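Per-entry structural report
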Amino acid sequence: IKSDDTGNRLRFQLELEFVQCLANPNYLNFLAQRGYFKDKAFVNYLKYLLYWKEPEYAKYLKYPQCLHMLELLQYEHFRKELVNAQCAKFIDEQQILHWQHYSRKRMRLQQALAEQQQQNNTSVK
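Residues numbered from 1 in each chain as written. Predicted model: local features only at pLDDT ≥ 70, side-chain atom pairs only at ≥ 80, totals over all residues. Heavy atoms only, no water.

**Describing the overall build of the protein chain**
Along the backbone of the protein chain there are 7 helices and 0 strands. Mapped in sequence order, the helices and strands of the protein chain form the string α-α-α-α-α-α-α. Relative to its full complement of 125 residues, the protein chain shows a buried share of 26%. Accessible surface for the protein chain amounts to roughly 9,600 Å². Of this, 55% is attributable to carbon and sulfur atoms. (Helix = DSSP H or I, 4+ residues; strand = E, 2+ residues; numbered from the N terminus. Buried < 20%, exposed > 50% of the residue type's maximum accessible area, 1.4 Å probe, protein only. Areas by Shrake-Rupley, 256 points an atom, 1.4 Å probe, with all protein chains shown as cover.)

Encoded structure:
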């Protein structure tokens, strides 16, 4: 039983690392150019990995965008487009823009919250 636990832990770690690598469009381009997405067994593996979308597993992910990529990889058309380096570049740029927008929006929300707390503290006195 001990070795089974070790095997399960190792499998969990390997799958966690691999799923998170899917957040990198350049890695997806690498896989596509080497024909991995044409391999039926590999495509089935990607389908199997959808269990990472469940909250009990997703909570371990540092790069949640990998789940979106995993979802897109279920579509043959998307897998075929990834062979094109321009496609990977476009996805990479879109991820950066999304992150920048999210960061700015979050900063504005935090600033507004801090100002509101400051006003509340001043009105209490």
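**Regarding the packing of aromatic side chains**
Enumeration over the complete set of coordinates arrives at 13 aromatic pairs. Between Y36 and F42, the ring centres sit 5.4 Å apart and the planes meet at 55 degrees, which makes this aromatic pair tilted. Since its relative accessible area comes to 37%, Y36 is described here as partly exposed. (Phe/Tyr/Trp six-rings, centres within 6.5 Å; stacked < 30°, edge-to-face > 60°.)

**Examining the confidence of the model for the protein chain**
Of the residues in the protein chain, 89% reach a pLDDT of 70 or more, and the chain-wide mean stands at 87. No element of the protein chain has a lower mean pLDDT than helix α7 (residues 85–124), at 76, and none a higher one than helix α3 (residues 40–48), at 97. (pLDDT = per-residue confidence, 0-100.)

**Structural notes on the side chain of E15**
Mapped onto the fold, E15 is located in helix α1 (residues 2–21). Here Y51 takes part through its side chain, which lies 2.2 Å from a polar atom of the side chain of E15. Excluding anything up to four places from it in sequence, E15 contacts Y45, Y48, L49, Y51 and W52. (Polar contact = N/O pair within 3.5 Å; in protein donor to acceptor, adjacent residues only side chain to side chain. Contact = heavy atoms within 4.5 Å.)

**Describing α3**
When we look at burial in α3, the residues that qualify are F42, V43 and L46. The arc that holds the buried residues of α3, viewed along the axis, is 100 degrees, so those residues lie on one side. Facing away from the buried surface of α3 by more than 90 degrees, the exposed residues are K40, A41 and K47. (Arc of directions from axis to C-beta.)

**Here we look at the nonpolar core**
Nonpolar side chains tend to gather and get buried jointly when the protein is soluble and globular. Grouped together as the largest cluster of nonpolar side chains are 24 residues, with contacts concentrated most on F37, L46, L49, W52, L73 and L82. Counting residues per element, the ones that place at least two in this core are α1, α2 (25–33), α3, α5 (65–72) and α7. When residues in this core are grouped by element, the largest group, 4 residues, is from α5. With residues near it in sequence (within four places) discarded, F37 still touches L28, L31, A32, F42, V43, L46, L73, R79 and L82. (Core = buried A, V, L, I, M, F, W, Y, C linked by side-chain atoms within 4.5 Å.)

**A look at α5**
Every buried residue belonging to α5 is among C66, L67, M69 and L70, and all of these are buried. All buried residues of α5 project into a common sector of 160 degrees when viewed along the axis, lining one side.

**Concerning the pattern of salt bridges**
Close approach of charged atoms allows side chains with opposite charge to pair. All told, the structure shown has 3 salt bridges when counted by the stated rule. Residue K53 is joined to E71 by a salt bridge in which the shortest nitrogen-to-oxygen separation is 2.4 Å. Linking K53 in the loop between α3 and α4 (55–58) with E71 in helix α5, this pair joins segments that are 18 residues apart in sequence. Judged by relative accessible area, K53 falls into the partly exposed class, the value being 40%. A salt bridge links K80 to E76, with the shortest nitrogen-to-oxygen separation between them at 3.3 Å. Here K80 and its partner E76 are both found in helix α6 (residues 76–81), 4 residues apart, which amounts to about one turn of the helix. (Salt bridge = Lys/Arg side-chain N within 4 Å of Asp/Glu carboxyl O.)

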